[in-house]
Amino acid sequence: PGVDLADGSCAHPTIPGRVSPLLPANHVTMTKGTGLVHTAPAHGMEDYSVASHHQLPTDCLVDEGGFFTEAAGPELQNKNVLEEGNEAVIQMLQAAGSLLKEEKYVHSYPYDWRTKKPMIIRASKQWFVNTASVKATAQ
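An unreviewed UniProt entry lists the chain under the name SYIM protein, with Brachypteracias leptosomus given as the organism.

A.B. asks: What exactly am I supposed to notice about the overall build of the chain here?
C.D. replies: The helix and strand inventory of the chain stands at three helices and two strands. When the helices and strands of the chain are listed from N to C terminus, the series reads β-β-α-α-α. Whereas a compact globule of 139 residues would reach a radius of gyration of roughly 14 Å, the chain reaches 19 Å, over 25% beyond that. When the backbone C-alpha atoms are referred to their principal axes, the chain occupies close to 65 × 35 × 30 Å. Within the span of the chain, comprising 139 residues, buried residues form 16% of the whole. Considering only contacts in the chain between residues 6 or more positions apart, those separated by 24 or more positions represent 25%. Here the chain holds 11 positive side-chain charges and 15 negative ones, and the gap between their average locations is 9 Å.

A.B. asks: Help me understand the side chain of Ser20, please; the structure alone is not making it clear to me.
C.D. replies: Tracing the backbone through its elements, the reader meets Ser20 in strand S2 (residues 19-21). Filtering out sequence-adjacent residues up to four positions away, Ser20 remains in contact with Gly8, Ser9, Cys10 and His12.

A.B. asks: Sorry, what's going on with the side chain of Asp47 here?
C.D. replies: Take Asp47: it is sitting in helix H1 (residues 45-53). Polar side-chain contacts of Asp47 include one of 2.9 Å to the backbone nitrogen of Ala40.

A.B. asks: How should I be thinking about H1 in this particular structure?
C.D. replies: Every α-helix winds through 3.6 residues per turn, so residues three or four apart in the chain are directed the same way. Within the sequence span of H1, burial applies to Asp47, Val50 and Ala51. Buried residues in H1, looked at end-on, bunch into an arc of 95°, giving them a common side. Across from the buried face of H1, at angles greater than 90 degrees, the exposed residues are Met45 and His53. Following H1 by one or two positions, Gln55 adopts a phi angle in the positive range, close to 55°.

Conventions we followed
- Residues numbered from 1 in each chain as written.
- Predicted model: local features only at pLDDT ≥ 70, side-chain atom pairs only at ≥ 80, totals over all residues.
- Heavy atoms only, no water.
- Helix = DSSP H or I, 4+ residues; strand = E, 2+ residues; numbered from the N terminus.
- Rg over C-alpha atoms; globule rule 2.2 N^0.38 Å.
- Buried < 20%, exposed > 50% of the residue type's maximum accessible area, 1.4 Å probe, protein only.
- Contact = heavy atoms within 4.5 Å.
- Lys, Arg positive; Asp, Glu negative; His and termini not counted.
- Charge placed at Lys NZ, Arg CZ, Asp CG, Glu CD.
- Polar contact = N/O pair within 3.5 Å; in protein donor to acceptor, adjacent residues only side chain to side chain.
- Arc of directions from axis to C-beta.

Next comes the structure, spelled out in structure tokens:
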């Protein structure tokens, strides 16, 4: 069972020398696939929660337009994540000998109701102002 792998580690499939932790998560089950998934902390609440709990970085490698950034590496930089970026990742996995199986899968993305295109969930840096101290003055 997957619980036997919890808190282990594995070699990153495309970055030589990088070790990736194997972490348990409540949103990962055997009812939808293998029970093993990659984690993209900057691209979904469940993944973000797992990363926060285990103090992992939440770097976002995708820009506002849906393209890989320079930080994603030269093989992916400036490629659209939902188009040629997918094919580039598959080629990288094949080249590293890390692709065990490839098949078409219809992923359940949220869609923009205006454009009918998938939305990419991504973390962004934000700031907030505490207006409590100026509330009385503003009234």
